[in-house]
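Residues per chain, in single letters:
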Amino acid sequence: MGDGADGRVKGKVAFVTGAARGQGRSRAVRLAEEGADIIAVELRRDIDTIGYPMAAREDLDETARVIEKTGQGAMIA
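Residues numbered from 1 in each chain as written. Predicted model: local features only at pLDDT ≥ 70, side-chain atom pairs only at ≥ 80, totals over all residues. Heavy atoms only, no water.

**Student:** Tell me what's going on with the pairing of strand 1 (residues 13–17), and back it up with residues and numbers.
**Tutor:** With burial as the criterion, only one face of strand 1 is covered, namely that bearing Ala14 and Val16; the residues Val13, Phe15 and Thr17 on the opposite face remain uncovered. Pairing analysis gives five bridges linking strand 1 to strand 2 (residues 37–41), with the strands arranged parallel. Considered in strand 2, the bridge of Val13 is made with Asp37. With respect to chirality, the unit in which strand 1 leads through helix 1 (residues 22–33) into the neighbouring parallel strand 2 is right-handed. (Buried < 20%, exposed > 50% of the residue type's maximum accessible area, 1.4 Å probe, protein only. Helix = DSSP H or I, 4+ residues; strand = E, 2+ residues; numbered from the N terminus. Pairing = 2+ DSSP bridges. Right-handed = clockwise from strand over helix to strand, strands pointing away.)

Next comes the structure, spelled out in structure tokens:
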């Protein structure tokens, strides 16, 4: 991704799934740094067949805080 100077996503809204942590969070933050407002979603419940805990509301709240530090808006669900 570029540094946002080209305006590729400036003024747009990006919908990012899995945004509470990991790759989803990093993508959401990067898009915000490039000028997009973010709709960030996460399942936020454990799945029996996955051997580790899934993200919690607190993780998604932290993603929103980081996005908002870029000056962009964040809507979480």
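Next comes the rest of the description.
**Student:** Quick rundown of the sheet that holds strand 3 (residues 74–76)? Include the residues and the values.
**Tutor:** Strands sit in the order 1-2-3 across an open sheet of three strands; the sheet is parallel. Where the open sheet ends on each side, the last strands, each with one partner, are strand 1 and strand 3. Across this sheet, the average inter-strand angle for adjacent strands is 20°, counted without regard to direction. Sheet strands in contact with helix 1 are strand 1 and strand 2, and its direction is about 170° off that of strand 1. Its contacts with the sheet place helix 2 (residues 57–69) against strand 2 and strand 3, and it is angled at close to 170° to strand 3. (Axes fitted to C-alpha atoms, helices over the stretch in contact; angles between N-to-C directions. Contact = heavy atoms within 4.5 Å.)

**Student:** Give me helix 2: which residues, what numbers.
**Tutor:** With 13 residues, helix 2 extends 19 Å between its outermost C-alpha atoms, agreeing within 8% with the 18 Å of an ideal straight helix rising 1.5 Å per residue. Residues of helix 2 that are buried include every one of Leu60, Thr63, Ala64 and Ile67, and no others. The arc that holds every buried residue of helix 2, seen down its axis, measures 100°, which confines them to one face. In helix 2, the exposed positions angled more than 90 degrees off the buried face are occupied by Glu58 and Lys69. Elements in contact with the buried residues of helix 2: helix 1, strand 2 and strand 3. Once helix 2 finishes, Gly71 follows within two positions and takes phi at roughly 95°, a positive value. (Expected span 1.5 Å × (residues − 1). Arc of directions from axis to C-beta.)

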